[in-house]
Amino acid sequence: MVIKAAEFEKQFLAPLQEEFHTNTQNRILNDGKSICETLYKQLKGFVIFMGKFQKQIPIEIGEIQISLLHSSIYLHKPQIAISAYDEKGILGNEILNIKYDASWLFCEWEEFRKSIEEKIAEIHGQNFIRKEAVRQMMWNSMNYLTQCLYTTAKYLLAKFDEIEGYNELILTEGFRLSVGSYRDWSRTLFLKRETVDIFFREKDVSLKYCIFREAVYNRKSFEQLDLSHARFIDCEFVHCHFKNISLKDVILQNCRIYYCTFENVDFYGMTLQGVTMKKDTFQQTRWNFVPDPEHLEDIPDFYKDVDFVDCTLEYLTFVSSDIRRINLLECMSKEIEVQDCKEDEGVFSRKG
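Residues numbered from 1 in each chain as written. Predicted model: local features only at pLDDT ≥ 70, side-chain atom pairs only at ≥ 80, totals over all residues. Heavy atoms only, no water.

The phi dihedral of His 229 falls on the positive side, at around 70°, and the residue is not glycine. Along the chain, His 229 falls in the loop between strand 8 (221-223) and strand 9 (231-233). (Helix = DSSP H or I, 4+ residues; strand = E, 2+ residues; numbered from the N terminus.)

Rendered as structure tokens:
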């Protein structure tokens, strides 16, 4: 069959690529625990080494980036690099770079190549589609693999300031930990922020990635705020009202939330650890992120299901909310009322 590479890509590549993406995702999910342990160990080792390096040469770090090295794929030895940069981040000078094995990310790469070559042989197109064209077709999935690296690291490293050796580092104010392509596209995992007050701050001061410790909020109104990626540690909320705000990827640790109302709030990716919630009401709240599989390239971010870990939940009311998937891990709950909600059976016991 006389066929050009562009024609083959248009007619046959999409299902092969989709199968590769699905198989890669399943393999990463199946091996998720060991992959996360390895990645965390690699970053910890880098941080400890960087701390020792700075004792000899005290250069401030503006950014640490975990990146997929495209060049390593040409050498058939997939690697990620963990790199430290000066105060200008990836636009500045590189201070240190250590490379680590990333074969787990390319677990289905050779099978993907075989599936393309087998399809070419099936239509008798070997004389018209060269190996370089096959490589270029495979290269179209590099963005997907970079996204896989990001989603693997996103929640694993959200509390980067708790990693061993962090307190020994010399960091700029505004330091960021990012993941992406080497000195290219990247997403933030952790951002070092100054301590701010939610209600007494300049309007242009962002609250994203902020850490709030031992704060007490009594009869406060949280409205039109973006608190994405923020962390609340040992905080208390009593008779507070949350309206039209984002709590995406927020982490609550050992907090108490009593007699509060939440209206039109996004909880995507939230984690609650050791939290006590009593007599709270949730109206038109969103807990479950559902991406459009046909437009994944347009999705600004990906979110896990909400996790309640070792929490106490009493006398909560959910009205017109999406609570289909919520993970209750070692939690105590009673008298939870669900009204007109999108809900999987068994998420909460239905009352009334």
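It is worth spelling out the sheet that holds strand 6 (residues 211-213) at this point. Pairing is parallel in the open sheet, where six strands are placed in the order 6-9-12-15-18-21. Each having just a single partner strand, strand 6 and strand 21 (326-329) make up the two edges of the open sheet. When strand polarity is set aside, the average angle formed by the axes of neighbouring strands in this sheet is 10°. When strand 9 meets strand 12 (residues 251-253), the two strands line up parallel, connected through three bridges. Bridge pairing links Phe 232 to Leu 252 in strand 12. (Pairing = 2+ DSSP bridges. Axes fitted to C-alpha atoms, helices over the stretch in contact; angles between N-to-C directions.)

The next thing to look at is the sheet that holds strand 3 (residues 94-101). What the five strands build is an open sheet, ordered 3-2-1-4-5; its pairing is mixed. Two strands lie at the open edges of the sheet, namely strand 3 and strand 5 (186-191), each paired on one side alone. Averaged over neighbouring strand pairs, the angle between their axes works out to 20° when direction is ignored. Two strands pair when backbone bridges link them, and strand 2 (residues 79-85) and strand 3 are joined in this way by seven bridges, in the antiparallel orientation. Bridging from a neighbouring strand, Ala 81 pairs with Lys 99 of strand 3. Lying on the sheet, helix 2 (residues 32-56) is in contact with strand 1 (61-68), strand 2, strand 3 and strand 4 (171-181); it crosses strand 3 at an angle near 150°. (Contact = heavy atoms within 4.5 Å.)

Now for the state of the cysteines. Taken as a whole and judged by the stated rule, the model has zero disulfides. No disulfide involves Cys 107; its sulfur sits 8.8 Å from that of Cys 148, the nearest cysteine. Cysteine Cys 311 shares no disulfide, and the gap to the nearest cysteine sulfur, in Cys 331, comes to 4.6 Å. Residue class for Cys 311 comes out buried when judged on its relative accessible area of 1%. (Disulfide = S-S within 2.5 Å. Buried < 20%, exposed > 50% of the residue type's maximum accessible area, 1.4 Å probe, protein only.)

Our focus in this paragraph is the pattern of salt bridges. Applying the stated criterion across every chain yields a total of 16 salt bridges. Across the salt bridge formed by Arg 113 and Glu 110, the nearest N and O atoms sit 3.2 Å from each other. One end of the pair is Arg 113 and the other is Glu 110, both in helix 4 (residues 109-122) and three residues apart, which spans about a single turn. A relative accessible area of 40% means that Glu 110 is categorised as partly exposed. For Lys 154, the salt bridge identified is with Asp 249, shortest N-O distance 2.8 Å. Of this pair, Lys 154 sits in helix 6 (residues 142-154) while Asp 249 sits in the loop between strand 11 (241-246) and strand 12, and the two are 95 residues apart along the sequence. (Salt bridge = Lys/Arg side-chain N within 4 Å of Asp/Glu carboxyl O.)

Examined bridge by bridge, strand 15 (residues 271-273) and strand 18 (residues 306-309) share three bridges and lie parallel to one another. The partner of Leu 272 across the bridge, within strand 18, is Phe 308. As judged from the four bridges shared by strand 18 and strand 21, these two strands associate in the parallel manner. Bridge pairing links Val 309 to Leu 329 in strand 21.

Bringing the environment of Asp 234 into the picture now. Within the fold, Asp 234 resides in the loop between strand 9 and strand 10 (236-238). Taking the relative accessible area as the measure of exposure, Asp 234 reaches 33% and is therefore partly exposed. Residues Asp 234 and Ile 198, 36 residues apart in the sequence, show an inter-C-alpha distance of 16 Å. Excluding anything up to four places from it in sequence, Asp 234 contacts Glu 214, Ala 215, Gln 253, Asn 254, Cys 255 and Arg 256.

Read these as spatial facts, not as claims about activity.
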